[in-house]
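# Close look at the chain arrangement
The primary structure of each chain is shown beneath.
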Amino acid sequence: MEFVRQSIPEVVLVKHRIIGDARGFFMERHRASLFAAASLPDRFVQINHSRSARNTLRGLHFQKAGAAQGKLVGCLRGTVFDVAVDVRRGSPHFGRWVGALLSDENGHQLWVPEGFAHGFVVRSEEADLVYGVSGAEYSPEHDRGILWDDPAIGIDWEVVAPLLSEHDRGHPSLAEADTDFSYREDT
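What counts, and where the lines are drawn
Residues numbered from 1 in each chain as written. Predicted model: local features only at pLDDT ≥ 70, side-chain atom pairs only at ≥ 80, totals over all residues. Heavy atoms only, no water. Helix = DSSP H or I, 4+ residues; strand = E, 2+ residues; numbered from the N terminus. Buried < 20%, exposed > 50% of the residue type's maximum accessible area, 1.4 Å probe, protein only. Contact = heavy atoms within 4.5 Å. Phe/Tyr/Trp six-rings, centres within 6.5 Å; stacked < 30°, edge-to-face > 60°. Pairing = 2+ DSSP bridges. Axes fitted to C-alpha atoms, helices over the stretch in contact; angles between N-to-C directions.

For the rest of this paragraph, the subject is the side chain of serine 50. With respect to the element layout, serine 50 can be found in strand β5 (residues 46-53). In this structure serine 50 comes out as buried when scored by relative accessible area, which is 13%. Ignoring anything within four residues of it in the chain, the contact list for serine 50 reads Arg58, Phe120, Ala127, Asp128 and Leu129.

Enumeration according to the criterion identifies 4 aromatic pairs in this entry. Geometrically, the ring pair formed by phenylalanine 81 and tryptophan 97 is edge-to-face, given 6.2 Å between the ring centres and 85 degrees between the ring planes. Linking phenylalanine 81 in strand β8 (residues 79-86) with tryptophan 97 in strand β10 (residues 97-103), this pair joins segments that are 16 residues apart in sequence. For phenylalanine 81, a relative accessible area of 12% corresponds to the buried category. For tryptophan 97, a relative accessible area of 25% corresponds to the partly exposed category. An aromatic cluster is built from Phe81, Trp97 and Trp157, whose rings are joined through pairwise contacts.

Turning our eyes to something else, we now look at the sheet that holds β5. The 6 strands lie next to each other as β1-β2-β11-β7-β13-β5, forming an open sheet whose pairing is antiparallel. A single partner strand is all that each edge strand has here, and the edge strands are β1 (2-5) and β5. For this sheet the average axis-to-axis angle between neighbouring strands, irrespective of direction, equals 25 degrees. Bridge count for β1 against strand β2 (residues 12-15) is 4 bridges, and the pairing is antiparallel. The residue of β2 that forms the bridge with valine 4 is leucine 13.

Structural measurements only, silent on function.
The structure is reproduced here in structure tokens:
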């Protein structure tokens, strides 16, 4: 595995070695010792699976600090553009985003740490995402979001009219969002 820190260094693209032949392929999606050595979680409290149609946009989601979650996101079928937005007040990257193309072909995963909102848009006919959640299990009372097309963030989703849930249509802008994460520089 290769762990590639993104322009916001807490977000990490995990590239896997895919071993393939005429029968198919094999790859390790997670090995606790390698993840721990890369300062990523080696255990998860919840595993989620979503299936979505082309142009579906889910996000931008996060849970408040009392039940914060980190997410290791991978696409098992199809292709998605996956995004992480820094929502930590005081961070030098506050309001900035990074994105990565995740697909069944490239096998990449994106680590989205606590203090970041997460979202994705489906680029293939259909896509299956599976993500391991660290930190806290899902908590409806801590569930929050940010408007997917907030101009202050400026994500280029490359889709004009995405399929959105009513829940995602109703999220506030980043400036109005109920974020309670504070940036602290590790020493």
